[in-house]
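# Structure at a glance
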Amino acid sequence: MMKMLPLALAVSLLATATVAAQDQKVTMDDFVGTWNIEVMSHQVALVIEKQDATKATATMMMMGRDMPLKGELVDRTVTFVGVKAGADDAHLASPQHGGQAGTAKPITVTLQDDGTITGEMMTSNGPVKWTGEKLRTRKKPQ
């Protein structure tokens, strides 16, 4: 009976930690930074900047092009759409195809429990899923 008590305690602590991790509120601050994304065997950079508690702007750097994006956070996911250069919010464009207003294709970015992001974006071949990791700032040697 004494050996079961430590095991039961360990299981209880693990369950409590798991519930606490799931209950942790995700904020826009969790997304801010530079992310290295792997899309269809290509490296893509995504730089996210906070605008307010639920809104962000971003730049996706892919195939030699910078694509400006605007997004909104709901739960653990920010949904971005492309912004046509020089246009106001009413004129959104598909970042993949440079489309006109009304044709915006969303790019979803979901924060995972391990600190990585996953997402999906539309390409000419249909939707593709991707994963990404945040780039960390290196400390300068003393």
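One structure accompanies this document, and this report is about it. All values derive from a computational prediction rather than experimental measurement.

What the chain contains, in helices and strands, is 1 helix and 8 strands. When the elements of the chain are put in sequence order from the N terminus, they spell out α-β-β-β-β-β-β-β-β. By residue count, 27% of the 142 residues in the chain fall in the buried class. When the accessible area of the chain is evaluated, it comes to approximately 9,600 Å², of which 58% is carbon and sulfur surface.

In this structure, Met61 sits in strand β3 (residues 55-62). In sequence terms Met61 and Asn36 are 25 residues apart; their C-alpha atoms lie 10.0 Å from each other. Excluding its chain neighbours within four sequence positions, the residues that come into contact with Met61 are Val44, Ala45, Val47 and Asp66.

Glancing now at the pattern of salt bridges. Scanning the entire structure with this criterion turns up 4 salt bridges. For Lys50, the salt bridge identified is with Asp29, shortest N-O distance 3.1 Å. With Lys50 in strand β2 (residues 42-50) and Asp29 in the loop between α1 (4-23) and β1 (33-39), the pair connects residues that are 21 residues apart, well separated along the chain. The salt bridge partner of Glu72 is Lys55, with a shortest N-O separation of 3.5 Å. Here Glu72, found in strand β4 (residues 65-74), pairs with Lys55, found in strand β3; they are 17 residues apart in sequence, far enough to count as distant. By relative accessible area, which is 36% here, Lys55 ends up partly exposed.

Pairing geometry for β3 and β4, over 8 bridges, is antiparallel. Within the sheet, the bridge partner assigned to Met62 lies in β4 and is Arg65. Across 6 bridges, β4 lies against strand β5 (residues 77-82) in antiparallel orientation. Residue pairing in the sheet places Val74 in a bridge with Thr77 of β5. The turn linking β4 back onto β5 is made up of 2 residues, and Asp75 within it adopts a positive phi angle of 60 degrees.

Right, let's talk about the environment of Val81 for a bit. For Val81, the position within the fold is in strand β5. C-alpha separation for the pair Val81 and Met121, spaced 40 residues apart in sequence, amounts to 9.9 Å.

This brings us to the pairing of strand β8 (residues 126-134). Direction of pairing for β1 relative to β8: antiparallel, over a ladder of 4 bridges. Residue Ile37 lies in a different strand from β8, and its bridge partner there is Gly132. Counting the residues between successive antiparallel strands, the hairpin from strand β7 (residues 117-123) to β8 contains 2 residues.

This paragraph deals with the sheet that holds strand β6 (residues 107-111). Taken together, 8 strands build a closed barrel; the order of strands is β1-β2-β3-β4-β5-β6-β7-β8 and the barrel is antiparallel. On average, adjacent strands in this sheet sit at an angle of 30 degrees to one another, irrespective of strand direction. Pairing between β7 and β8: 7 bridges, direction antiparallel. Bridge pairing links Gly119 to Trp130 in β8.

A few words now on the side chain of Thr116. With respect to the helices and strands, Thr116 occurs in the loop between β6 and β7. By relative accessible area, Thr116 is classed as buried at 18%.

Definitions and cut-offs
Residues numbered from 1 in each chain as written. Predicted model: local features only at pLDDT ≥ 70, side-chain atom pairs only at ≥ 80, totals over all residues. Heavy atoms only, no water. Helix = DSSP H or I, 4+ residues; strand = E, 2+ residues; numbered from the N terminus. Buried < 20%, exposed > 50% of the residue type's maximum accessible area, 1.4 Å probe, protein only. Areas by Shrake-Rupley, 256 points an atom, 1.4 Å probe, with all protein chains shown as cover. Contact = heavy atoms within 4.5 Å. Salt bridge = Lys/Arg side-chain N within 4 Å of Asp/Glu carboxyl O. Pairing = 2+ DSSP bridges. Axes fitted to C-alpha atoms, helices over the stretch in contact; angles between N-to-C directions.

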